[in-house]
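# Notes for the structure review
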Amino acid sequence: MKFYVRELPQKQYHYLSSDISLPKNTTPKPGDTYHDYWTDYHIDRVTYSKDGLFAYATKTELQKRRSNTCYRKKKKI
């Protein structure tokens, strides 16, 4: 899986070379959020191709470091 991220107000996504470790058996979907120690990644869209899975996310920096990481799925209404 390859992650492409952008920081607002940017409109273009850039390849994230560092690895984001999602929980096993988790496939990102639009609306999901990955909370890292210093950043939040909101999944905007996911595409599949013969080369693999591509996730596009918006990155938000945090002011204080978190003590853990987590992945939250979008709640169904």
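Cut-off values and rules
Residues numbered from 1 in each chain as written. Predicted model: local features only at pLDDT ≥ 70, side-chain atom pairs only at ≥ 80, totals over all residues. Heavy atoms only, no water. Helix = DSSP H or I, 4+ residues; strand = E, 2+ residues; numbered from the N terminus. Polar contact = N/O pair within 3.5 Å; in protein donor to acceptor, adjacent residues only side chain to side chain. Contact = heavy atoms within 4.5 Å. Core = buried A, V, L, I, M, F, W, Y, C linked by side-chain atoms within 4.5 Å. Buried < 20%, exposed > 50% of the residue type's maximum accessible area, 1.4 Å probe, protein only. Pairing = 2+ DSSP bridges.

## Focus: the side chain of T58
If you trace the backbone, T58 turns up in strand β5 (residues 52-61). Within polar-contact distance, the side chain of T58 engages the side chain of R6 at 3.2 Å. Once residues within four sequence positions are removed from consideration, T58 is found in contact with R6, L8, D40, Y41, H42 and D44.

## Observations concerning the nonpolar core
Of all hydrophobic cores here, the largest spans 13 residues; its most connected members are F3, L16, I20, L22, Y34, Y41 and I43. Among the elements of the structure, β1 (2-7), β4 (39-49) and β5 are those that each provide at least two residues to this core. With sequence-adjacent residues up to four places away left out, L16 is seen in contact with F3, Y4, V5 and Y41.

## Re the environment of K73
With respect to the helices and strands, the residue K73 is situated in the segment after β6 (70-72). When its relative accessible area of 58% is taken as the criterion, K73 is described as exposed. Through-space distance from the C-alpha of K73 to that of G31 is 7.3 Å; in sequence the pair is 42 residues apart.

## Points about the sheet that holds strand β3 (residues 33-35)
What holds strands together in a sheet is hydrogen bonding between their backbones, with the strands either parallel or antiparallel. Pairing is mixed in the open sheet, where 6 strands are placed in the order β2-β1-β5-β4-β3-β6. In the strand order of this sheet, the two ends are held by β2 (14-15) and β6, each with one partner. Note that β3 and β4 share 3 bridges and pair antiparallel. In the sheet register, Y34 faces β4, and the bridge partner there is Y41.

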